[in-house]
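Report on the structure
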Amino acid sequence: MEINWQAKYIDPQNLIEVSYGDKRRLLKYLNRFQELIPKRIEKLQQSLEAKDRKMIRQTVHQMSPQLQFFGIRNTETFVRRLEFEYETMPFEQLNLLVKDFLDKLEGVQEEVALIIKSNF
């Protein structure tokens, strides 16, 4: 499959494997990502503003399958840490970690949009 990845955030190997090299399937997965992630980013931002630790954890937990499926680099540690420390971590630290995560997700969204624009 000839795809121009130029990916900083996404490891495309899993996507290529599950799409069996079919560009239509790959596009379907990429479009689905663009549908789901912005809603979850918004929910995460709202939870952060409300200082709702439980909802922050729950939202990140809901995002975890997409993060793994799309091979989004360097998110495993954040997800695991949040799973175990969301109640005890000082909120300032939680805030910084979530904001860094949100910045990364914005980069991922831009990357997915560029992959779609460049290849489909």
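You'll find the structure just up there.
Small disclaimer: the values here were computed from a predicted structure and weren't measured.

A word on the overall build of the protein
Looking only at helices and strands, one finds 5 helices and 0 strands in the protein. Helices (α) and strands (β) of the protein occur, in sequence order from the N terminus, as α-α-α-α-α. In terms of overall dimensions, the protein is globule-like: its C-alpha atoms have a radius of gyration of 15 Å, near the 14 Å expected for 120 residues. Burial statistics for the protein: of 120 residues in total, 40% are counted as buried. The long-range share in the protein, meaning contacts at least 24 apart out of those at least 6 apart in sequence, stands at 67%. Accessible surface, the protein as shown: approximately 7,300 Å² in total, 47% of it carbon and sulfur.

Quick notes on the side chain of Gln66
Looking at the element boundaries, Gln66 is found in helix H3 (residues 53-69). Relative accessible area serves as the criterion here: at 13%, Gln66 is assigned to the buried category.

What to know about the packing of helix H2 (residues 23-49) against H3
Where H2 meets H3, the closest approach of the two axes is 9 Å, and the angle between their N-to-C directions is 160°. The angle between H2 and H3 places the two elements in the roughly antiparallel class. Helix-helix and strand crossings are classified by hand; for H2 and H3 the assignment is left-handed. Contacts between H2 and H3 pair Tyr29, Leu36, Ile37, Arg40, Ile41, Lys43, Leu44, Ser47 and Leu48 from the former with Met55, Ile56, Thr59, Val60, Gln62, Met63, Gln66 and Phe69 from the latter.

What to know about H3
Counted at 1.5 Å a residue, the expected span for H3 with its 17 residues is 24 Å, and the 25 Å between its end C-alpha atoms agrees. Most pronounced at Met63, the bend in H3 amounts to some 35°, and the proline Pro65 follows within four residues. The set of residues buried in H3 consists of Ile56, Thr59, Val60, Met63, Ser64, Gln66 and Leu67. Residues of H3 that are buried sit in contact with H2, helix H4 (76-85) and helix H5 (91-119). Remark: Gly71 follows H3 within two positions and exhibits a positive phi of approximately 60°.

Considering the environment of Leu15
Note that Leu15 resides in helix H1 (residues 13-18). Along the sequence, Leu15 and Met55 sit 40 residues apart, while their C-alpha atoms lie 29 Å from each other. If sequence neighbours within four positions are ignored, Leu15 has contacts with Trp5, Ile10, Leu26, Tyr29, Leu30, Phe69 and Phe70.

Quick word on the side chain of Lys104
In this fold, Lys104 is placed in helix H5. For the buried Lys104, which has no salt bridge, the nearest side chain bearing the opposite charge is Glu76, at an N-O separation of 7.6 Å.

Quick notes on the rules
- Chains are numbered independently. Their residues run from 1 in the order of the written sequence.
- Confidence filtering applies because this is a predicted model: local features only for residues at pLDDT of at least 70, side-chain atom pairs given and counted only at 80 or more, and all residues used for totals across whole chains, interfaces and linings.
- With hydrogens and water set aside, each side-chain value is computed from the structure's full complement of heavy atoms.
- Helical segments are the DSSP runs of H or I of at least four residues, strand segments are the runs of E of at least two, and each set is numbered from the N terminus.
- In this treatment the radius of gyration is a C-alpha quantity, and the globule benchmark scales as 2.2 Å times the residue count to the 0.38 power.
- For each residue, the accessible area found with a 1.4 Å probe, counting protein chains only, is set against the maximum for its type, and the residue is called buried under 20%, exposed over 50%, and partly exposed in between.
- It only takes one pair of heavy atoms within 4.5 Å for two residues to be counted as in contact.
- Methods summary: accessible areas were calculated by the Shrake-Rupley approach with a probe of 1.4 Å, and residue burial reflects only the protein chains presented.
- Interaxial angles span 0 to 180 degrees and are taken between N-to-C directions of axes, which are lines fitted to C-alpha atoms, for helices over the stretch in contact.
- In this scheme, roughly parallel covers angles under 35 degrees and roughly antiparallel covers those over 145, while 65 to 115 is roughly perpendicular and the rest are oblique.
- Here a crossing is taken to be left-handed if its near helix is turned anticlockwise relative to the far helix by less than a right angle, and right-handed if that turn runs clockwise.
- What a helix is expected to span follows from its residue count: subtract one and scale by 1.5 Å.
- A residue's bend is the angle separating two fitted axes: one through the seven residues that end there, the other through the seven that start there.
- We treat Lys and Arg as the positive residues and Asp and Glu as the negative residues; His and chain ends play no part in the count.
- The salt bridge criterion pairs a side-chain nitrogen of Lys or Arg with a carboxyl oxygen of Asp or Glu, the two atoms within 4 Å.

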